[in-house]
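Listed below are the residues making up each chain.
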Amino acid sequence: MPELPEVETVAEGLREGGLVGCRIDTITVHWPRTIARPGVAAFRKGLRGRQVTSVGRRGKFLILGLDNGRTLLIHLRMTGHLFFAAADEASHGHEHVVLGLDDRRELRYRDTRKFGRWWLVSDATDVIGHLGPEPLDPAFRSADFVKCLSKRRGALKPLLLNQSFIAGLGNIYVDEALWAAGLHPERKAETLSDEDRKRLYRTIREALRRGLRSMGTTLGSGLTTFRSVWGRKGTNRDKLNVFRRTGHPCPRCDTTIERLIVGQRSTHICPTCQQRP
Ligand SMILES: [Zn+2]
């Protein structure tokens, strides 16, 4: 699933591709359930003729500002992929939403698993108001994270995956950040020292920045893996220390990396660097 670095890479691709300033002339919806809100007819009517004024990101949501003040939000979930195509280019399949732009291109949305969702709303906080702080926001400082975390109880992994605690993290970057901090994913938040909390703040940001620099993490191949708007794979997979490296040696201590299930999520740890509580 695309996480913060992958979604930011998509947002950058949309900006590079000149989406800001484009007018949306036609809207085709092949899979109505992709449109979470409003209904498909109101969605098409509300979007037709609108100009895109901004492309941003919050957590794992893409946020497209429109010239009438409304907002188009897109969550890629498992396999959502956005790309530009010439209007006369044949469909690649699984293209559930197609926006015809005023420059004879189309912005196409492909999603083999069909879990991705789009919203067209007047107030974006209806959809993203629940999100916690942005981990890479310069205004989000170590002291803020230490304070938030010191109020929480329970295992670290599900807490870090909770988008209302901190936005944008998923399975990949949580496993990487916990390994780098030397913290077991089942360690209880209330047992951490302030030093542990500061270290975790740092490793979360480092893991995300590394992912961003590599333009995301692409696992495997085929239509379901992450690709940028330009079809490029992210190269962060080569830089992963534990995620999906079960059976390989820990880069820090050579202990064999193990896979376990924490909060129903597949989790990867070094049993030496991350001592079970
Ligand atoms: Zn280790």
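The structure this text deals with has already been given above.
Fair warning: this is a prediction, and the values are worked out from it, not measured in the lab.

Examining the overall build of the protein
Each helix and strand counted, the protein has 7 helices and 11 strands in total. The C-alpha extent of the protein, read off along each of the three principal axes, is 55 × 35 × 30 Å. Scored against the burial criterion, the 277 residues of the protein give a buried share of 51%. Taking all contacts inside the protein whose residues are at least 6 apart in sequence as the whole, residues at least 24 apart take part in 63%. With the model as given, the accessible surface of the protein reaches about 12,400 Å², and the carbon-plus-sulfur share is 47%. Computed over 47 positive and 30 negative side-chain charges, the inter-centroid distance for the protein is 3 Å.

Some remarks on the coordination of the zinc ion
Each protein donor to the zinc ion is listed here as Cys250 (SG), Cys253 (SG), Cys270 (SG) and Cys273 (SG); together their distances run 2.2 to 2.4 Å. In this structure, the zinc ion is surrounded by 4 donor atoms whose angles at the metal cover 99 to 115°, and the resulting shape is tetrahedral. Written as a sequence motif, the donor residues of the zinc ion are C-x2-C-x16-C-x2-C. A residue pair is termed long-range when its members are at least 10 positions apart, and Cys250 in the loop between α7 (194-213) and β10 (258-262) and Cys273 in the segment after β11 (265-269) qualify at 23 residues. Of the two residues examined, Cys250 and Cys273, each falls in the buried class.

Let's talk about a nonpolar patch on the surface
A surface patch of nonpolar side chains, amounting to about 270 Å² of accessible area, comprises Met1, Met78 and Phe115. Along the chain, Met1 falls in the segment before α1 (4-16). We classify Met1 as partly exposed; its relative accessible area is 44%.

Some thoughts on the environment of Gln163
Within the fold, Gln163 resides in the loop between α5 (156-161) and α6 (171-181). Assessed through its relative accessible area of 17%, Gln163 is described here as buried. When the C-alpha positions of Gln163 and Gly222 are compared, they lie 28 Å apart, and in sequence the two are 59 residues distant. Once residues lying within four places of it in the same chain are set aside, the contact partners of Gln163 are Lys60, His130, Leu131, Gly132, Gly168 and Leu169. A polar side-chain atom of Gln163 sits 2.8 Å from the main-chain amide nitrogen of Gly168.

As for the packing of aromatic side chains
Per the stated rule, a full pass over the model turns up 8 aromatic pairs. Geometrically, the ring pair formed by Phe61 and Trp119 is tilted, given 5.6 Å between the ring centres and 50° between the ring planes. Here Phe61, found in strand β4 (residues 61-66), pairs with Trp119, found in strand β9 (residues 117-121); they are 58 residues apart in sequence, far enough to count as distant. Considering the side-chain rings of Phe140 and Tyr201, the 5.9 Å spacing of their centres and the 55° angle between planes classify their relative orientation as tilted. Taken as a pair, Phe140 in the loop between α3 (125-128) and α4 (142-150) and Tyr201 in helix α7 lie far apart in primary sequence, 61 residues in all. Of the two residues, Phe140 and Tyr201, both sit in the buried class. Feature note: the residues Phe140, Phe145, Phe165 and Tyr201 constitute an aromatic cluster, connected by ring pairs. Sitting above the plane of the Phe84 ring, Arg105 keeps its charged end 4.3 Å from the centroid. For the cation-ring pair, Arg252 lies above Trp179, with the distance from its terminal atom to the ring centre recorded as 4.0 Å.

Criteria and thresholds
- Residues numbered from 1 in each chain as written.
- Predicted model: local features only at pLDDT ≥ 70, side-chain atom pairs only at ≥ 80, totals over all residues.
- Heavy atoms only, no water.
- Helix = DSSP H or I, 4+ residues; strand = E, 2+ residues; numbered from the N terminus.
- Buried < 20%, exposed > 50% of the residue type's maximum accessible area, 1.4 Å probe, protein only.
- Contact = heavy atoms within 4.5 Å.
- Areas by Shrake-Rupley, 256 points an atom, 1.4 Å probe, with all protein chains shown as cover.
- Lys, Arg positive; Asp, Glu negative; His and termini not counted.
- Charge placed at Lys NZ, Arg CZ, Asp CG, Glu CD.
- Donors = N, O, S within 2.8 Å, 3.2 Å for Na, K, Ca; no water.
- Tetrahedral: all angles 85-135°; square planar, octahedral: opposite > 155°, others 65-115°.
- Patch = residues over 30% accessible without salt bridge, like charges linked within 9 Å, V, L, I, M, F, W, Y side chains within 5 Å.
- Salt bridge = Lys/Arg side-chain N within 4 Å of Asp/Glu carboxyl O.
- Polar contact = N/O pair within 3.5 Å; in protein donor to acceptor, adjacent residues only side chain to side chain.
- Phe/Tyr/Trp six-rings, centres within 6.5 Å; stacked < 30°, edge-to-face > 60°.
- Lys NZ or Arg CZ within 6 Å of the ring centre and 35° of its normal.

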